Amino acid sequence: MIIALAFVGLLLVGVQWLPIIVTGCLFLFGIGGGYFQPANISTIMQSGSTNNQGTIGSLQRMIQNIAIANGTRTIPLRVDTLNNKSVISRGCFE
């Protein structure tokens, strides 16, 4: 529930919002993820045998890293589109 509220708050972020509100939403999002992630990893690890836990753990971490990389690339593109500036597509050295 915490992560859903923070996610909705982050989706509604406007340019006029104070940075402290955005920081608070990010903080709540992190807390929500902190509650969810250990329970999720524990359930994933218990689903397989002890011989496969290394593979399961590395697969889970790889998927998480891909999601982080996609988010890191997608958010700047979205901000770039909203601001009608082509800074990312032009490059930052022009």
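This structure is a prediction, so every number in the text was calculated from the model and none was measured.

1. As for the environment of Val8
- Inspection of the secondary structure assignment puts Val8 in helix H1 (residues 2-11).
- Judged by relative accessible area, Val8 falls into the partly exposed class, the value being 45%.
- For the pair Val8 and Cys25, spaced 17 residues apart in sequence, the C-alpha separation works out to 9.0 Å.

2. Let's talk about helix H2 (residues 19-47)
- Spanning 29 residues, H2 covers 41 Å between terminal C-alpha atoms, matching the ideal 42 Å at 1.5 Å per step.
- Among all positions of H2, only Cys25, Gly32 and Gly33 are buried.
- Buried residues along H2 sit against H1.

3. Description of a nonpolar patch on the surface
- A contiguous nonpolar patch, built from Ile3, Phe7, Val8, Leu11, Leu12, Val13, Trp17, Leu18, Ile20, Ile21 and Phe29 and spanning about 1,000 Å² of accessible area, is present on the exposed surface.
- Those elements that provide at least two residues to the nonpolar patch are H1 and H2.
- Within the fold, Ile3 resides in helix H1.

4. Brief notes about the confidence of the model for the protein
- Chain-level statistics for the protein give a pLDDT mean of 79 and a share of 82% at 70 or above.
- When pLDDT is averaged over each element of the protein, H2 comes out on top at 85 and helix H4 (residues 87-90) at the bottom at 52.

5. Some points on the packing of H1 against H2
- Here H1 crosses H2 at 150°, and the two axes come no closer than 8 Å. If you check the angle between H1 and H2, you find them roughly antiparallel. Judged by the twist between their axes, the crossing of H1 over H2 is left-handed. Taken together, the residues of H2 that come into contact with H1 (itself represented by Ile2, Ile3, Ala6, Phe7, Gly9 and Leu10) are Val22, Cys25, Leu26, Leu28, Phe29, Ile31, Gly32, Gly33 and Tyr35.
- For the contact of H1 with H2, the class distribution of residues is 12 nonpolar, three polar and no charged.

Rules used in this analysis
Residues numbered from 1 in each chain as written. Predicted model: local features only at pLDDT ≥ 70, side-chain atom pairs only at ≥ 80, totals over all residues. Heavy atoms only, no water. Helix = DSSP H or I, 4+ residues; strand = E, 2+ residues; numbered from the N terminus. Buried < 20%, exposed > 50% of the residue type's maximum accessible area, 1.4 Å probe, protein only. Expected span 1.5 Å × (residues − 1). Contact = heavy atoms within 4.5 Å. Patch = residues over 30% accessible without salt bridge, like charges linked within 9 Å, V, L, I, M, F, W, Y side chains within 5 Å. Areas by Shrake-Rupley, 256 points an atom, 1.4 Å probe, with all protein chains shown as cover. Salt bridge = Lys/Arg side-chain N within 4 Å of Asp/Glu carboxyl O. pLDDT = per-residue confidence, 0-100. Axes fitted to C-alpha atoms, helices over the stretch in contact; angles between N-to-C directions. Parallel < 35°, antiparallel > 145°, perpendicular 65-115°, else oblique. Left-handed = near helix turned anticlockwise from the far one by under 90°. Nonpolar A, V, L, I, M, F, W, Y, C, P; charged D, E, K, R; others polar.

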